[in-house]
Amino acid sequence: MRLNLRNAWKNFNSALLLFAIFTISTGAVRAQSQDRQQDIQKLKDKLEQLEQTMGEVKAELNRLEAAPPSTATTPAQKTAEAKKKPEQPGPSEELVPMEGEIKQQQDTVNFYGFAMLDSGYNFGQIDPNWYDVVRPTKLPSYPNQFGGSGNVYASVRQTRFGVKSSSQTPLGELKTVFEFELFGTGVDAGQTTFRLRHAYGELGKVGAGQTWSPFMDIGVFPNSVEYWGPSGMVFFRNIQVRWMPVRNKRAEVTVALERPGASGDQGVYADRIELANITPRFNFPDLSGHLRLMGNWGYLQTAAIVRKIGWNDTSANTTNLGGSVVGWGINLTSNLNLGKNSVAKLAYTYGRGTENYMNDAPFDIGIATNVGVVHNSQGQIVPFKGVALPVTGVVAFLDHSWNEHFTSTGGYSMVNISNSDAELASDFHQGHYALANILYHPVAKVMLGPEFQFGRRVNYLDGFNYNDYRIQFTFKYDWSKSFKSPSF
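Thresholds applied
- Counting restarts for each chain, with residues numbered from 1 along the sequence as it is written.
- Predicted model: local features are reported for residues with pLDDT of at least 70 only, side-chain atom pairs are reported and counted for 80 or more only, and whole-chain, interface and lining totals are derived from all residues.
- Side-chain measures here rest on the full set of heavy atoms in the structure, leaving out hydrogens and waters.
- Each helix is a run of DSSP H or I of at least 4 residues and each strand a run of E of at least 2, with the numbering of both proceeding from the N terminus.
- Burial here depends on accessible area, computed with a 1.4 Å probe over protein chains only, as a share of the maximum for the residue type. Under 20% is buried, over 50% is exposed, and the range in between is partly exposed.
- Any two residues whose heavy atoms approach within 4.5 Å at even a single point are treated as in contact.
- We get accessible surface area from the Shrake-Rupley algorithm with a probe of 1.4 Å; when it comes to residues, only the shown protein chains can shield them.
- Should DSSP find at least two bridges between two strands, the strands are taken to pair.
- To count toward a patch, a residue needs a relative accessible area over 30% and no salt bridge; like charges are then connected within 9 Å, while nonpolar side chains (Val, Leu, Ile, Met, Phe, Trp, Tyr) are connected within 5 Å.
- Any Lys or Arg side-chain nitrogen found within 4 Å of a carboxyl oxygen on Asp or Glu counts as a salt bridge.
- Note: pLDDT gives the predictor's confidence per residue, expressed from 0 to 100.
- Only the six-membered ring of Trp is used, alongside the rings of Phe and Tyr, when aromatic pairs are assigned; centres must lie within 6.5 Å, and planes under 30 degrees apart are stacked while those over 60 apart are edge-to-face, with the rest tilted.
- Note on geometry: a ring has a charge over it if NZ (lysine) or CZ (arginine) is within 6 Å of the ring centre and within 35 degrees of the ring normal.

## A few points about the overall build of the chain
- Each helix and strand counted, the chain has 2 helices and 21 strands in total.
- A total of 488 residues make up the chain; the buried ones form 37% of that total.
- Across the chain, the fraction of contacts at a sequence separation of at least 24, relative to all contacts at a separation of at least 6, is 66%.
- Summing over all exposed atoms, the chain offers an accessible surface of approximately 28,200 Å²; the carbon and sulfur share of this is 60%.

## Comments concerning the environment of Ala-199
- Position of Ala-199 relative to the elements: it lies in strand E5 (residues 192-203).
- Ala-199 sits in the partly exposed class, given a relative accessible area of 31%.
- Separated by 22 residues in the primary sequence, Ala-199 and Val-177 place their C-alpha atoms 5.9 Å from one another.
- Dropping the residues within four chain positions of it, Ala-199 is found in contact with Val-177, Phe-178, Ala-208, Gly-209 and Gln-210.

## Some words on unusual backbone geometry
- Within the chain, Asn-144 stands out as a residue other than glycine whose phi angle is a positive 55°.
- Summarising the element assignment, Asn-144 is placed in the loop between strand E1 (105-122) and strand E2 (151-155).
- In this model, Lys-445 sits at a positive phi of 75°, which is unusual for a non-glycine residue.
- By secondary structure assignment, the location of Lys-445 is in the loop between strand E19 (428-440) and strand E20 (446-459).
- For Lys-445, a relative accessible area of 44% gives the class partly exposed.

## Here's the deal with the side chain of Ser-141
- When you line up the elements, Ser-141 lands in the loop between E1 and E2.
- When neighbours within four sequence positions are excluded, Ser-141 is seen to be in contact with Ser-426, Arg-457, Asn-459, Asp-462 and Phe-464.

## Observations regarding the pairing of E20
- Sheet topology places E19 next to E20; 10 bridges connect them, and they run antiparallel. Looking at the pairing, Ala-436 lines up with Phe-452 of E20.

## A look at the sheet that holds strand E16 (residues 384-388)
- The strand order across the open sheet formed by 3 strands is E9-E15-E16, and the pairing between neighbours is mixed. The two strands at the open ends of the sheet, each matched to only one other strand, are strand E9 (264-265) and E16.
- Of the strand pairs in this sheet, E9 and strand E15 (residues 365-369) are connected by 2 bridges, and their pairing is parallel. Bridging across to E15, Gly-264 finds its partner in Ile-365.

## Describing a nonpolar patch on the surface
- Judged by side-chain polarity, Val-206, Val-241, Trp-243, Val-255, Leu-257, Leu-287, Val-306, Val-326, Trp-328 and Ile-330 come together as a nonpolar surface patch covering roughly 860 Å² of accessible area.
- Broken down by secondary-structure element, the contributors of at least two residues to the nonpolar patch are strand E7 (237-247), strand E8 (251-258) and strand E13 (323-337).
- Examining the composition of the nonpolar patch, we find that 3 residues originate from one element, E13, more than from any other.
- For Trp-243, the position within the fold is in strand E7.
- The class of Trp-243 is partly exposed, set by a relative accessible area of 48%.

## Considerations on the pattern of salt bridges
- Throughout the structure, instances matching the rule amount to 13 salt bridges.
- Ionic pairing is found between Asp-132 and Arg-157, a salt bridge with its closest N-O pair at 2.7 Å. Taken together, the positions of Asp-132 in the loop between E1 and E2 and Arg-157 in the loop between E2 and strand E3 (160-169) put the pair 25 residues apart, joining distant regions of the chain.
- When the shortest N-O distance is used, the salt bridge between Arg-307 and Asp-286 registers 3.0 Å. With Arg-307 in strand E12 (residues 298-313) and Asp-286 in strand E11 (residues 286-295), this pair connects stretches of sequence that are 21 residues apart.
- Overall, the relative accessible area of 2% leaves Arg-307 in the buried class.
- For Asp-286, a relative accessible area of 1% gives the class buried.
- The network of salt bridges with common partners includes Arg-160, Glu-179, Glu-181, Arg-195 and Arg-197.

## Some remarks on the confidence of the model for the chain
- Summary statistics for the chain give a mean pLDDT of 85 and a share of 80% for residues scoring 70 or more.
- Counting interchain partners and residues more than four positions distant, the pLDDT-below-50 stretch residues 70-103 has 12 contacts.

## Looking at the packing of aromatic side chains
- Overall, the coordinates contain 21 aromatic pairs when judged by the stated rule.
- Taking the centre distance of 6.1 Å and the plane angle of 80° together, the rings of Phe-111 and Phe-483 count as edge-to-face. On the criterion of sequence distance, the pair formed by Phe-111 in strand E1 and Phe-483 in strand E21 (residues 465-487) is long-range, its members being 372 residues apart.
- With centroids separated by 5.3 Å and ring planes inclined at 45°, the aromatic side chains of Phe-454 and Tyr-469 adopt a geometry described as tilted. Within this pair, whereas Phe-454 is found in strand E20, its partner Tyr-469 is found in strand E21, the two being separated by 15 residues in sequence.
- What makes Phe-454 buried here is its relative accessible area of 18%.
- Here the basic side chain of Lys-164 rests over the ring of Tyr-112, its NZ or CZ set 5.4 Å away from the ring centre.
- Lys-476 extends its terminal NZ or CZ atom over the ring of Phe-114, reaching a point 4.3 Å from the ring centre.

## Here we look at the pairing of E7
- Examined bridge by bridge, strand E6 (residues 206-212) and E7 share 7 bridges and lie antiparallel to one another. By the bridge assignment for E7, Gly-207 is matched with Arg-242.
- In terms of strand pairing, E7 meets E8 through 6 bridges, oriented antiparallel. Looking at E8, one finds that Arg-242 is bridged to Ala-256.

## Structural notes on the environment of His-441
- Residue placement: His-441 occurs in the loop between E19 and E20.
- Residues His-441 and Asn-403, 38 residues apart in the sequence, show an inter-C-alpha distance of 9.8 Å.

## Here we look at the environment of Gln-453
- Checked against the element boundaries, Gln-453 lands in strand E20.
- Owing to a relative accessible area of 1%, Gln-453 belongs among the buried residues under this scheme.
- Taking the C-alpha atoms as reference points, Gln-453 and Ile-471, separated by 18 residues in sequence, lie 6.3 Å from one another.
- In contact with Gln-453, not counting residues within four places along its chain, are Val-134, Tyr-153, Glu-226, Ala-434, Leu-435, Asp-468, Tyr-469, Arg-470 and Gln-472.

Next up, the structure:
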């Protein structure tokens, strides 16, 4: 009996222990479940707050996009800007450029040039001072004027050196160029000596110095190795002040006041004492300009010039031979793209008294006989007068690229002078010029190759003309070096 009670008590205690363990375990599980529910609820509450905030942000964004722009600065923006920079800049801080100033740019200086050797054989003859070029005006005006035909020549006179610069200013781009070569002309004709080509600068739309005349178009010069170039081309570097009101990818307008100048032909009156004291007088600059229209097809340029050419009689003769004429000219030029590899270079020029702007023409003013009895302003009889000689020029060349290593050029040019009635019979009347070449470019900036050249001179009245032929072989080595520096 006692044993049964003891066993019953043990069983009761075991059951009580199991109940306690179950109760504790169930409470722990319930507690864990409640904590999890609370965490989930908290996350849901936060999500609702975020969705509400997002809705407010979207509404504010829509309102700002719909409202007109405002230049007002909010207090928050003012505070943020105040934190970014102080009210007054310190010594090491950069000032923001004001209107009219420019941000940082690059100043550039470019040194460039080439070494060039021209060598060949002239089958005819020419003025020895012009041995290495084709100039019809310098060919003989009578048989054997310059000795025998057939001469070997060699020259480095085309060698060139130049410096260009470019920098930005509040008034626009400042550009300069200084360039010279070794081809002597004038008193240095025939010499290998320094000769100025360009000394020119421009700021924005205004330029001044010596450079190409606006009346000419350097773009019609062919890709040849003969130095002087087409006889019927307008070609003149002149001292000038120019204005360029339009310069863009489609059009270009340039107007200039140029240094005046001319040359005269005394003709059959050369031995008269009266002409010994005639001096030129230029009291106005030459006025020139051009309009160029450009496109994918190439370009078309129309140029014009007007000028006054005067002369004074400083002798003590009773007859005053002084006078003046107005010269003028037009020059139509073009580059036409004939496919990807060919360019036609064309020009037509006509004028009166504009010969000194031509590449190879002699006199602007000729002597003409006055028909009948002609009196000047003082009532004096004047037997002859000065006239502006008409001149016509034509240029037609084709530049072609065979591939990256070979190029060719071929074409023709002519200049014609309408001589006055009192000129010498042997005076220059007409010049013809032609060439063809094939040039090899083994690497960039190196060129060599042969060129066939032809020149022809036709006299005014005596029936004499002269043809010159030559073969020239040229080596040319280009170089350039640029430097850049920051500019503010």
